[in-house]
Amino acid sequence: MVDILPLLAATRKASTQLASADAPTKISVLHRLADLLREEQVSIIRENAKDLANIDPENPMRDRLLLTEARIEALAASLHDVAALPDPSGQVLIDKVIANGLHLQKIAVPLGVVGVIYESRPNVTIDVAALCIRSGNAAVLRGGTDAWFTNQVLVSLIHQALASQQLSSDLVRLLPTDRAHVTTLLQATKYIDVIIPRGSDALIQRVRRESLVPTIETGAGVCHTYVAERANLEMAVPIVVNAKVSRPSVCNSLDTVIVHRTLLTAFVQKIAADFIQYKVQIFADSAAFDALSAIQYPYLHRAESADFGREFLDFACSMKVVDDLAEALNHIDQFSSRHSEAIVTEDTAKAQLFLRAVDAAAVYWNASTRFTDGGVFDLGAEIGISTQKLHARGPFALEKLVTEKWVIQGSGQIR
């Protein structure tokens, strides 16, 4: 097995090169990488096909792995978006002279070396590299075995783009996928400044337990949409359908729909045809089960306790019936992963209460949770959606890839 510590040491050493690079240099790297993605589409799709051959075509997670010409073009376009964003590093946050004459500045500086552990989704390789390069950080990437061929070709293009500006290929490091390397990475406090896990809850919990390096959690999303008593069903049904079926394998897709009891019969009648089209499995509580049984919904199951708080990542969801907003809020508080939560209602007062009371990175009123995304929020791209409260919350994008440094200039002062 390869000893990765020398590789991590090389990335740490190279990181100073990027931290001191000027903005035009970093921007040029991103523009060159965008060109390479377009020029090498055939090679990328060929390598991606090798990874796709190892996953069941019926597995919804296959969609996370798939790269098409359109998706590669979207990645290239996102690189230009990131390049156009203001560089967060080097910004002067505080500038003042204190009573003793010392000139104090607080300046935003790169984190240093960012380690990211992720599964499937080779677009993360490009997103992380772009955000780190633009903000002056080196990146250590540990992708999943299922995307190995795709990640290799993408990182080779990143290295070519770095070389175009005489920057070291060590600045973006793709680690082998041996599981033992994860433990080494999590303990590499000498070389890694922050670890960001992006993937399943099992991955995030392992990193939380084992990491000696500071971590920022992203990934798991257990998302609810509450169809409240005064919801407009002509609006609510498309919102719920979109949140569930538009891309069920991602973390901002719907997992539980909560329905006010007075709307239950009308709601299930209206949503059934759309859900049947996608063969959405519904794990329903007793009231919802009876209502869905009455219309002979074909993909119906009685919910067990484990079906609430479950991230389905598939054409499946749970359904909970409540009598009022308080019950809905209690359910969300108990089962939410603090990612994205939504209410559909015409009642402004209750909507405002929901938005204030729900503890999540993103809360929605009359909109799909599928919008929680760095690109959609005009942040260029994201490393993931942070569900914790320290340092970053919500789309973890360029603006959060910095820390702070105090710079003090004196004229002989002593204390």
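Computed from a predicted structure; not experimentally measured.

A. A look at the packing of helix 3 (residues 41–52) against helix 7 (residues 148–163). The contact between helix 3 and helix 7 brings their axes to 6 Å, and the two run at 155°. With respect to each other, helix 3 and helix 7 are oriented roughly antiparallel. Contacts from I44, E47, N48, K50 and D51 of helix 3 reach helix 7 at W148, F149, T150, V153, L154 and L157. Of the residues that constitute the contact of helix 3 with helix 7, the class distribution is 6 nonpolar, 2 polar and 3 charged.

B. Geometry of the packing of aromatic side chains. One pass over the structure, following the stated rule, counts 4 aromatic pairs. Between the aromatic rings of Y297 and Y299, the centroid separation amounts to 6.1 Å while the plane-to-plane angle is 80°, which identifies the pairing as edge-to-face. Positioned above the aromatic ring of F289, the side-chain terminus of R302 is 3.8 Å from the ring centre. Lying over the aromatic face of F283, R310 brings its terminal NZ or CZ to 5.1 Å of the ring centre.

C. Structural context of helix 12 (residues 286–294). Among the residues of helix 12, A287, A288, F289, A291 and L292 are the ones counted as buried. Looking at the buried residues of helix 12, the elements they touch are helix 11 (264–277), strand 9 (281–284), strand 10 (300–302) and strand 11 (316–322).

D. Structural view of the sheet that holds strand 2 (residues 103–110). Taken in spatial order, the 3 strands make up an open sheet running 1-2-16, and their pairing is antiparallel. Each edge of the open sheet is held by one strand with a lone partner, namely strand 1 (92–97) and strand 16 (402–409). Direction aside, the axes of adjacent strands within the sheet are offset by 20° on average. Pairing between strand 2 and strand 16: 8 bridges, direction antiparallel. Bridge assignment links A108 to a residue of strand 16, and that residue is E404.

E. Expanded view of the packing of helix 2 (residues 23–39) against helix 7. Interaxial distance between helix 2 and helix 7 falls to 8 Å at its minimum, and their mutual angle equals 135°. Judged by the angle between their axes, helix 2 and helix 7 are oblique. The chirality of how helix 2 crosses helix 7 is right-handed. Contact residues: V29, R32, L33, L36 and L37 in helix 2; L154, L157, I158, Q160, A161 and L162 in helix 7. A per-class count over the contact of helix 2 with helix 7 returns 9 nonpolar, 1 polar and 1 charged.

The rules we used
- Residues numbered from 1 in each chain as written.
- Predicted model: local features only at pLDDT ≥ 70, side-chain atom pairs only at ≥ 80, totals over all residues.
- Heavy atoms only, no water.
- Axes fitted to C-alpha atoms, helices over the stretch in contact; angles between N-to-C directions.
- Helix = DSSP H or I, 4+ residues; strand = E, 2+ residues; numbered from the N terminus.
- Parallel < 35°, antiparallel > 145°, perpendicular 65-115°, else oblique.
- Contact = heavy atoms within 4.5 Å.
- Nonpolar A, V, L, I, M, F, W, Y, C, P; charged D, E, K, R; others polar.
- Phe/Tyr/Trp six-rings, centres within 6.5 Å; stacked < 30°, edge-to-face > 60°.
- Lys NZ or Arg CZ within 6 Å of the ring centre and 35° of its normal.
- Buried < 20%, exposed > 50% of the residue type's maximum accessible area, 1.4 Å probe, protein only.
- Pairing = 2+ DSSP bridges.
- Left-handed = near helix turned anticlockwise from the far one by under 90°.

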